[in-house]
Amino acid sequence: MAATAQRAPAGGKESGTIVDWLKWIVVVVLVAVGVVGNWYFGDWPFLYRALALVGLALVAGFAALQTERGQAVWNLAREARTELRRVVWPNRQETTQTTMIVLILILLFALILWGLDSGLSFLVKQVIG
């Protein structure tokens, strides 16, 4: 059998991943700048630091969305939102009935476990003395 040679992906896919890595490095640097900047400028008013952090987070998020994985996450979020719109949510009566059933079952199992615990404690006291 002939050995198969591994080739680089066609269409410049490798350069696309390098650019994506560089974009992720920019995102990490922006987050690090936010953390260090928040610590370094700790004596500044909270409002200014919060606005700066929100600004950095927006820029970092925008940079992350420019990557392939960022686009995949964005598409997943959009599809999840679409699916949530399709969900048939229970009405108030169904929610109340289900909650009551759950509470009754919790109480029932608590009583069963209490009975088992009491019975086993009684048996152990009888054996040990």
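For the structure, check the block above.
Keep in mind the model is a prediction, meaning the values are calculated, not measured. (Residues numbered from 1 in each chain as written. Predicted model: local features only at pLDDT ≥ 70, side-chain atom pairs only at ≥ 80, totals over all residues. Heavy atoms only, no water.)

A word on the nonpolar core. In this structure, Val27, Leu30, Ala60, Ala63 and Ala64 together form the largest nonpolar core, which totals 5 residues. Among the elements of the structure, helix 1 (13-40) and helix 2 (46-65) are those that each provide at least two residues to this core. Element by element, the count of residues in this core is highest for helix 2, at 3 residues. Every residue in contact with valine 27, bar those within four places of it in the chain, is listed here: Ala60, Ala63 and Ala64. (Core = buried A, V, L, I, M, F, W, Y, C linked by side-chain atoms within 4.5 Å. Buried < 20%, exposed > 50% of the residue type's maximum accessible area, 1.4 Å probe, protein only. Helix = DSSP H or I, 4+ residues; strand = E, 2+ residues; numbered from the N terminus. Contact = heavy atoms within 4.5 Å.)

Between its first and last C-alpha atoms helix 4 (residues 92-128) spans 53 Å; for 37 residues at 1.5 Å apiece the expected length is 54 Å, and the two agree. Looking one or two residues beyond helix 4, the residue adopting positive phi is glycine 129, at roughly 115°. (Expected span 1.5 Å × (residues − 1).)

What follows concerns the packing of aromatic side chains. Across all of its chains, the model carries 2 aromatic pairs by this definition. Aromatic side chains tyrosine 40 and phenylalanine 41 sit 5.0 Å apart centroid to centroid with 90° between the ring planes, which places their arrangement in the edge-to-face category. Owing to a relative accessible area of 58%, tyrosine 40 belongs among the exposed residues under this scheme. Consider the rings of phenylalanine 41 and tryptophan 44, whose centres lie 4.7 Å apart with planes at 50°: the pair is tilted. Members of the aromatic cluster, connected to one another through ring pairs, are Tyr40, Phe41 and Trp44. (Phe/Tyr/Trp six-rings, centres within 6.5 Å; stacked < 30°, edge-to-face > 60°.)

None of the figures reported here should be taken as evidence of function without further support.
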